[in-house]
Amino acid sequence: MAVLIDWLAGWPGAVLLQRSGTAYLFVNAAHILGIGLLLGAILPLDLRLAGVLRSSALPLIGPVLIRTAACGLALALATGFWLFTVKPGEYLGNTAFLIKLCLLALALGNIALQHRGLKPALAGGEISLRVRLLAALSASLWLCVLVAGRWIGFL
């Protein structure tokens, strides 16, 4: 494990961020952009699926919000991993980071469960109780991931 941690910290991308405040700034900003796109899309979608935002036409907004959330997730994961490589040993010893990873795994698993039953709702059909409950869970999990991520810097 120590060899992998040392290799990650010595990876050229990590070294770039360790040595360049400007590069770190841009990767960190891209990470925040990814989080913003993800949460900015997933929360309205989850609220609509849970039945809170009933006036929005799900077949119209659903596909756009899903694609936006997916792009945000891809950007947040890629840049988050890149930022992790700057101090991997330190992050792996940070309780908030470990909690964030667990919550992230749960949120990603929830996405897999949710997408299995989402097609009828996106086609304008009935939104099942299962989809509504998973949407409420999704919103809660993603907000907890956000809080855990902010918590990292305070430990």
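Anything mentioned here points back to the structure above.
Residues numbered from 1 in each chain as written. Predicted model: local features only at pLDDT ≥ 70, side-chain atom pairs only at ≥ 80, totals over all residues. Heavy atoms only, no water.

A. View of the nonpolar core. Of all hydrophobic cores here, the largest spans 22 residues; its most connected members are L38, I42, L45, L49, L58, I127 and W142. Residue assignment for this core shows that the elements contributing at least two residues are α3 (21-50), α4 (58-84), α6 (95-116) and α8 (129-151). Not counting chain neighbours up to four residues away, the residues in contact with L49 comprise L58, Q114, L118, A121, I127, V131, R132 and A135. (Core = buried A, V, L, I, M, F, W, Y, C linked by side-chain atoms within 4.5 Å. Buried < 20%, exposed > 50% of the residue type's maximum accessible area, 1.4 Å probe, protein only. Helix = DSSP H or I, 4+ residues; strand = E, 2+ residues; numbered from the N terminus. Contact = heavy atoms within 4.5 Å.)

B. Summary view of the layout of surface pockets. If you add up the space inside the largest pocket, you get close to 820 Å³. As for the largest pocket, its lining consists of 28 residues, of which H31, L83, K100, G149 and I152 are closest to the centre. Here the residues of the lining of the largest pocket are counted per class, giving 21 nonpolar, 5 polar and 2 charged. Looking at the second largest pocket, its volume works out to about 180 Å³. Forming the boundary of the second largest pocket are 15 residues, of which I42, L45, A69, I111 and H115 lie nearest the centre. Of all the secondary structure elements, the ones that give two or more residues to the lining of the second largest pocket are α3, α4 and α6. Residues of the lining of the second largest pocket, tallied by class, amount to 10 nonpolar, 4 polar and 1 charged. (1 Å grid on protein atoms, 1.4 Å probe; cavity = no way out; pocket = protein on both sides within 12 Å on 5 of 7 lines; lining within 4 Å. Points joined across faces, edges and corners; volume = space filled by probe spheres on them. Nonpolar A, V, L, I, M, F, W, Y, C, P; charged D, E, K, R; others polar.)

C. Quick look at the packing of aromatic side chains. Tallied over the full model, the rule gives 5 aromatic pairs. Residues F84 and Y91 carry aromatic rings whose centres are separated by 6.1 Å and whose planes lie at 35° to one another, so their mutual orientation is tilted. For F84, a relative accessible area of 12% gives the class buried. Members of the aromatic cluster, each reached through a chain of ring pairs, are F81, F84, Y91 and F97. (Phe/Tyr/Trp six-rings, centres within 6.5 Å; stacked < 30°, edge-to-face > 60°.)

D. Molecular detail of α8. For α8, with 23 residues, the first-to-last C-alpha span of 33 Å sits near the 33 Å given by 1.5 Å per residue. Turning to α8, its buried residues are V131, L134, A135, S138, A139, L141, W142, V145 and A148. Taken together, the buried residues of α8 touch α3, α4 and α6. (Expected span 1.5 Å × (residues − 1).)

E. Geometry of the state of the cysteines. The final tally for this structure, using the stated rule, is 0 disulfides. Left unpaired, C102 is separated from the closest cysteine sulfur, that of C144, by 13 Å. (Disulfide = S-S within 2.5 Å.)

F. Layout of a nonpolar patch on the surface. A cluster of nonpolar residues, M1, L4, W7 and W11, forms a patch on the protein surface that exposes about 490 Å² of accessible area. Within the secondary structure, W11 is located in the loop between α1 (2-10) and α2 (12-19). (Patch = residues over 30% accessible without salt bridge, like charges linked within 9 Å, V, L, I, M, F, W, Y side chains within 5 Å. Areas by Shrake-Rupley, 256 points an atom, 1.4 Å probe, with all protein chains shown as cover. Salt bridge = Lys/Arg side-chain N within 4 Å of Asp/Glu carboxyl O.)

G. Representation of the side chain of Q114 in the model. Relative to the assigned elements, Q114 resides in helix α6. Exposure remark for Q114: the relative accessible area of 5% places this residue in the buried category. At 3.1 Å, the side chain of Q114 and the backbone oxygen of V131 are in polar contact. Those residues in contact with Q114 that lie beyond four places of it in its chain are L49, V131, L134 and A135. (Polar contact = N/O pair within 3.5 Å; in protein donor to acceptor, adjacent residues only side chain to side chain.)

H. Layout of α3. When the terminal C-alpha atoms of α3 are compared, their 42 Å separation across 30 residues agrees well with the 44 Å that a helix rising 1.5 Å per residue should span. Taken as a whole, α3 has its buried residues at A23, V27, H31, G34, L38, L39, A41, I42, L45, D46, R48 and L49. Buried-residue contacts for α3 involve α2, α4, α6, α7 (119-122) and α8. A positive backbone phi angle near 100° is found at G51, which sits one or two residues after α3.

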